[in-house]
Amino acid sequence: MNKTKLGYMFAILDMVTYGFLPIAAHYFVATIDPLLFGGLAMLIGSIPLLGILQKQQKIQDMFRKDLFKPLLAIAVILNCSTIVFLLGTKITSSINTGLLIQTEPIYAIFFGYIFLKEIVRFPQVVATLLMIAGACVVVFKGAFALNIGDLLILSAPIFNQTAHIIAMKVMKTKTNAMVLSGARLFFGGILLTIIAILIHPSSLLQLTDIRTVIAIIFFGIIFRALDVTLWYQALQRIPLSKASALIPLAAAISFFGSIVILKEIPDVQQYIGLILIAGGLLWFSVLHLKNRGKKRTN
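What you are looking at is a predicted structure, and each value in this text was computed from that prediction instead of being measured. (Residues numbered from 1 in each chain as written. Predicted model: local features only at pLDDT ≥ 70, side-chain atom pairs only at ≥ 80, totals over all residues. Heavy atoms only, no water.)

Colleague: Would you explain the side chain of Thr-229 in this entry?
Modeller: Relative to the helices and strands, Thr-229 resides in helix 9 (residues 210-235). In this structure Thr-229 comes out as buried when scored by relative accessible area, which is 18%. The residues contacting Thr-229, other than those within four sequence positions of it, are Leu-49, Met-178 and Ser-181. (Helix = DSSP H or I, 4+ residues; strand = E, 2+ residues; numbered from the N terminus. Buried < 20%, exposed > 50% of the residue type's maximum accessible area, 1.4 Å probe, protein only. Contact = heavy atoms within 4.5 Å.)

What follows is the structure, encoded as structure tokens:
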């Protein structure tokens, strides 16, 4: 399997994981302090990655003088994303959460073009805009009123893409995806847990419930360790804009998963949003297949 195909495989697997993330997050933060949950989940998720880095004798790279600052910056920026995401999903529906995070491709195209000099073609822009139009339909309430949770979810991709830009530059010159993944979760987990304790010290009492502890461990291993590893493995092989354009695949998983698992009942707007997003994804997939066909012909 060549580099590009492997990159798309990692990206697709990550989108499957990412699709179930809003469902799990919405379910767990309904009863657990969002900040403590997010911080401890990242720390738990960092454990297997740190073990791999120790085995590879690369764990010390996280503390290298030339790497520590950018790694810490990535952790801080992604913590902002985690905070707005968890607080947002607590006060909006799982369906809205899963659909609204699909705004990320538009940020990916903009950031990739401006900062990474990636080539963005007009059909790709149109396909991505179709996906974003679907997200816009979801948040329109008939009077242009927005739920604060929806606004928080919409802001999360800004932080994600900013961190991805730094991460890709670091991977090109200084380190690999595994170091980035471990540092992101370890440093981010420590910082967010400290913030959670300072703001709500009493939230620590929730850890006396074994179900809370199990939820944090499950979320940390699946939706932090596995998710971040798959994502950075994809970014090592394909451009950021192309990897992020696959994100709408997670929308369908989140949408139907919310219906089946959380028993949410979608409205007409949410169905229309899903159709537009799925249409954009299908268009992008066709464009990708055409490009592959042209390369084989040449």
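And the narrative resumes.
Colleague: Can you walk me through helix 2 (residues 34-55) in this structure?
Modeller: Because the α-helix completes a turn every 3.6 residues, residues three or four places apart line up on one side. Between the first and last C-alpha of helix 2 there are 32 Å, a value that for 22 residues agrees with the 32 Å anticipated at 1.5 Å per step. Among the residues of helix 2, the N-terminal cap falls to Asp-33, whose side-chain oxygen and the backbone nitrogen of Leu-35 are separated by 3.3 Å. Immediately downstream of helix 2, the backbone of Gln-57 shows phi near 60°, a positive value. (Expected span 1.5 Å × (residues − 1). Polar contact = N/O pair within 3.5 Å; in protein donor to acceptor, adjacent residues only side chain to side chain.)

Colleague: Got a minute to help me understand the pattern of salt bridges in this structure?
Modeller: When charged atoms on two side chains of opposite charge get close, those side chains can pair. Inspection of every chain in the model, using the stated rule, returns three salt bridges. The partner of Asp-61 in a salt bridge is Arg-64, and the shortest N-O contact between them spans 3.9 Å. We note a salt bridge from Asp-209 to Arg-211, for which the minimum N-O separation is 3.3 Å. Owing to a relative accessible area of 63%, Arg-211 belongs among the exposed residues under this scheme. Salt bridges linked by common partners bring Asp-61, Arg-64 and Asp-66 together as one network. (Salt bridge = Lys/Arg side-chain N within 4 Å of Asp/Glu carboxyl O.)

Colleague: Can you walk me through the side chain of Ser-46 in this structure?
Modeller: Locating Ser-46 in the fold gives a position in helix 2. Not counting residues up to four positions away in its chain, the partners in contact with Ser-46 are Gly-182, Leu-185 and Phe-186.

Colleague: Sorry, what's going on with the nonpolar core here?
Modeller: Considering soluble globular proteins, one finds that nonpolar side chains tend to be buried as a cluster. Ranked by size, the top nonpolar core spans 69 residues in total, and within it Met-62, Leu-71, Leu-99, Leu-180, Phe-219 and Tyr-232 carry the most contacts. Ignoring sequence-local partners within four residues, the contact set of Phe-219 consists of Leu-21, Ala-24, Ala-25, Phe-28, Phe-37, Ala-41 and Arg-224. (Core = buried A, V, L, I, M, F, W, Y, C linked by side-chain atoms within 4.5 Å.)

Colleague: Would you take a moment to explain the packing of helix 2 against helix 3 (residues 65-90) for this structure?
Modeller: Packing of helix 2 against helix 3 brings their axes to within 9 Å, and their N-to-C directions diverge by 135°. Comparing the axis directions of helix 2 and helix 3 gives the class oblique. Note on packing geometry: the crossing formed by helix 2 with helix 3 is right-handed. On the side of helix 2, the interface is formed by Pro-34, Leu-35, Gly-38 and Met-42, while helix 3 contributes Asn-79, Thr-82, Ile-83, Leu-86, Leu-87 and Lys-90. Grouping the constituent residues of the contact of helix 2 with helix 3 by class yields six nonpolar, three polar and one charged. (Axes fitted to C-alpha atoms, helices over the stretch in contact; angles between N-to-C directions. Parallel < 35°, antiparallel > 145°, perpendicular 65-115°, else oblique. Left-handed = near helix turned anticlockwise from the far one by under 90°. Nonpolar A, V, L, I, M, F, W, Y, C, P; charged D, E, K, R; others polar.)

Colleague: In this structure, what is going on with the packing of aromatic side chains? I would like to understand it.
Modeller: Summed over the entire model, instances satisfying the criterion amount to 11 aromatic pairs. Plain terms: the ring middles of Phe-28 and Phe-37 are 5.7 Å apart, the flat faces sit at 40° to each other, and that makes the pair tilted. Between Phe-218 and Phe-223 the ring centres are 6.0 Å apart and the planes differ by 75°, which places this aromatic pair in the edge-to-face class. One aromatic cluster in this structure is built from Tyr-27, Phe-28, Phe-37, Phe-218, Phe-219 and Phe-223. (Phe/Tyr/Trp six-rings, centres within 6.5 Å; stacked < 30°, edge-to-face > 60°.)

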